[in-house]
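# Coordinate analysis (summary)
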Amino acid sequence: KDVSFGNRYSAIKIEGAWRTEDYAIGGPFSLYGFFVPEQGRAYLIDVSVTAVGRRKTPIVMQMELVAESFFTKESLEK
């Protein structure tokens with residue numbers, strides 16, 4: 001889905017779940033992808049969680065906040 005990433009970038013967000021082939025571990029993930037025209041670069045920010053036996057939702061929410069703190073030098077100068 002289309003989202004605003006860190007209120008600085010127009011991004012695409014992909015959400016899902018991952019697991020190992022033998023189902024031993026896995027968990028939720030979010031992936032943000034966006035392009036920074038000033039740099040001519042594309043960025044992918046991955047948020048994935050492995051927390052065996054624990055609730056993952058609070059961890060994912062915290063990691064999303066950390067991921068959204070990403071910035072480039074150009075974004076600070078605006």
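Everything below is about the structure printed above this text.
Described in the following lines is the structure provided in the data block. (Residues numbered from 1 in each chain as written. Predicted model: local features only at pLDDT ≥ 70, side-chain atom pairs only at ≥ 80, totals over all residues. Heavy atoms only, no water.)

## Some thoughts on the nonpolar core
Phe5, Tyr9, Ala11, Tyr32, Phe34, Val36, Tyr43, Ile45, Val47 and Ala67 together form the largest nonpolar core, which totals 10 residues. Listing elements by their share of this core, those giving two or more residues are strand S2 (9–19), strand S3 (26–36) and strand S4 (41–48). Once you skip the residues sitting within four places of it in the chain, Ala11 turns out to touch Lys1, Asp2, Val3, Phe5, Gly33 and Phe34. (Core = buried A, V, L, I, M, F, W, Y, C linked by side-chain atoms within 4.5 Å. Buried < 20%, exposed > 50% of the residue type's maximum accessible area, 1.4 Å probe, protein only. Helix = DSSP H or I, 4+ residues; strand = E, 2+ residues; numbered from the N terminus. Contact = heavy atoms within 4.5 Å.)

## A closer look at the pattern of salt bridges
What the rule picks out here adds up to two salt bridges. Lys13 is the salt-bridge partner of Glu15, the closest N and O atoms lying 3.4 Å from each other. Residue Glu64 pairs with Lys13 through a salt bridge whose shortest N-O separation is 3.7 Å. Of the two residues, Glu64 is situated in helix H1 (residues 57–67) and Lys13 in strand S2; the sequence distance between them amounts to 51 residues. The exposure class assigned to Glu64 is buried, which follows from its relative accessible area of 10%. When salt bridges with common partners are traced through the structure, they connect Lys13, Glu15 and Glu64 into a single cluster. (Salt bridge = Lys/Arg side-chain N within 4 Å of Asp/Glu carboxyl O.)

## Description of the packing of aromatic side chains
Scanning the model with the defined rule gives five aromatic pairs in all. A centroid spacing of 4.5 Å and a plane angle of 15 degrees characterise the contact between Tyr9 and Phe34, whose relative ring orientation is stacked. Of this pair, Tyr9 sits in strand S2 while Phe34 is found in strand S3, placing the two residues 25 residues apart along the sequence. What links up through ring pairs into an aromatic cluster is the set Tyr9, Phe34, Tyr43 and Phe70. (Phe/Tyr/Trp six-rings, centres within 6.5 Å; stacked < 30°, edge-to-face > 60°.)

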